[in-house]
Amino acid sequence: MRIDILTVVPELLESPFNHSILKRAKDKGLADIHIHNIRDWSSDKHKRVDDYAFSKGAGMVMSIEPIDKAISELKSQRIYDEVIFLTPDARVFTQRDANQLSLKTNLILLCGHYKGIDQRVRDHLVTLEISIGDYVLTGGELAAAIVSDAIVRLLPGVLSDETSALTDSFQDGLLTPPVYTRPADYKGWKVPDILLSGNDLLIDDWKHDQAYERTKSIRPDLLNNK
Ligand code: 6GU
């Protein structure tokens, strides 16, 4: 899978993609991630990528031209499945979206900034809009890193069997059960006896009960969605 990220602050995206699992996915050739500075397509002599809004008091708005040129150049090189705009005024990204997007070949992620983006970008160039939650960030970059992480970790070969995405919270609609490691008794704080019993069937039942109870108490909305 290839992901092209368009941003006005590429520095913000360097660290997340150069560490840990995302880096491993890149090194293994499973995820090909390219970060582009939208300013590179600005025809303005000061490399500006924003301008005053037509409506008074609306602040600065990202201009359509550099974004259109950037997207056009990428589209001339390969076919993209989606052009995704990261913005708080959109539907909230879920595990289902991550699952679906992980099946795609080429994605463009466009990071919003300033007060907004010329609506014509959204109307004519963007195919999918996502928010990562009901709060406002200074820009779409951290959201793009989060969305990319959620997608890339699902690609075959990125995670090992032990960390398989199939046992994640949300994959079966429930939160994960608690996990423990040695020592079995730390300062009198004990690991549940059942986990030391060696009875895999009972342990599986226990895990499912725990997952259900946790979900019911912390995220009952997930049960209602089933
Ligand atoms: Cl995708 N962008 C910004 N700027 N803020 C957000 C967001 C995205 N998702 C939640 N808040």
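One structure accompanies this document, and this report is about it. (Residues numbered from 1 in each chain as written. Predicted model: local features only at pLDDT ≥ 70, side-chain atom pairs only at ≥ 80, totals over all residues. Heavy atoms only, no water.)

## What about the side chain of Glu82?
1) Next: Relative to the helices and strands, Glu82 is located in strand 5 (residues 82-92).
2) Next: The buried charged residue Glu82 lacks any salt bridge partner; its closest oppositely charged side chain belongs to Lys104, at an N-O distance of 4.4 Å.
3) Next: Polar contacts involving the side chain of Glu82 include one to the side chain of Thr127, which spans 2.6 Å.
4) Next: Look past the residues within four positions of Glu82 in its chain and what remains in contact with it is Leu101, Lys104, Asn106, Leu107, Ile108, Thr127 and Leu128. (Helix = DSSP H or I, 4+ residues; strand = E, 2+ residues; numbered from the N terminus. Buried < 20%, exposed > 50% of the residue type's maximum accessible area, 1.4 Å probe, protein only. Lys, Arg positive; Asp, Glu negative; His and termini not counted. Salt bridge = Lys/Arg side-chain N within 4 Å of Asp/Glu carboxyl O. Polar contact = N/O pair within 3.5 Å; in protein donor to acceptor, adjacent residues only side chain to side chain. Contact = heavy atoms within 4.5 Å.)

## Some remarks on the site of the ligand
1) Next: Among the 13 residues in the neighbourhood of the ligand, the closest are listed as Thr87, Ile132, Gly133, Tyr135 and Leu137.
2) Next: Here Tyr135 contributes a backbone N or O atom positioned 2.5 Å from a nitrogen atom of the ligand.
3) Next: Protein contact buries 97% of the 290 Å² of open area that the ligand shows by itself.
4) Next: Counting only elements with at least two residues in the shell around the ligand, the list comes to strand 5 and strand 8 (128-131).
5) Next: Tallying contributions element by element places strand 5 first for the shell around the ligand, with three residues. (Near = heavy atom within 4 Å. Areas by Shrake-Rupley, 256 points an atom, 1.4 Å probe, with all protein chains shown as cover.)

## Observations concerning the pattern of salt bridges
1) Next: Under the criterion given, the structure shown has ten salt bridges.
2) Next: Where Lys69 meets Glu65, a salt bridge forms, and the shortest distance between an N and an O atom there is 2.6 Å. Within this pair, Lys69 and its partner Glu65 are both found in helix 3 (residues 64-75), separated by four residues, close to a single helical turn.
3) Next: A relative accessible area of 34% means that Lys69 is categorised as partly exposed.
4) Next: A relative accessible area of 41% places Glu65 in the partly exposed class.
5) Next: Note that Asp221 and Arg219 form a salt bridge whose closest N and O atoms lie 2.8 Å from each other.
6) Next: Given a relative accessible area of 33%, Asp221 falls into the partly exposed group.
7) Next: For Arg219, a relative accessible area of 30% gives the class partly exposed.
8) Next: One network of salt bridges, with partners in common, ties together Arg2, Asp4 and Asp32.

## Topic: the pairing of strand 1 (residues 2-7)
1) Next: Among the six residues in strand 1, six count as buried, and that is most of the element.
2) Next: What you see with strand 1 is no split at all: Arg2, Asp4 and Leu6 on one side and Ile3, Ile5 and Thr7 on the other are buried throughout.
3) Next: As paired strands, strand 1 and strand 2 (residues 32-37) are joined by six bridges and run parallel to one another. If you follow Arg2 over to strand 2, its bridge partner there is Asp32. (Pairing = 2+ DSSP bridges.)

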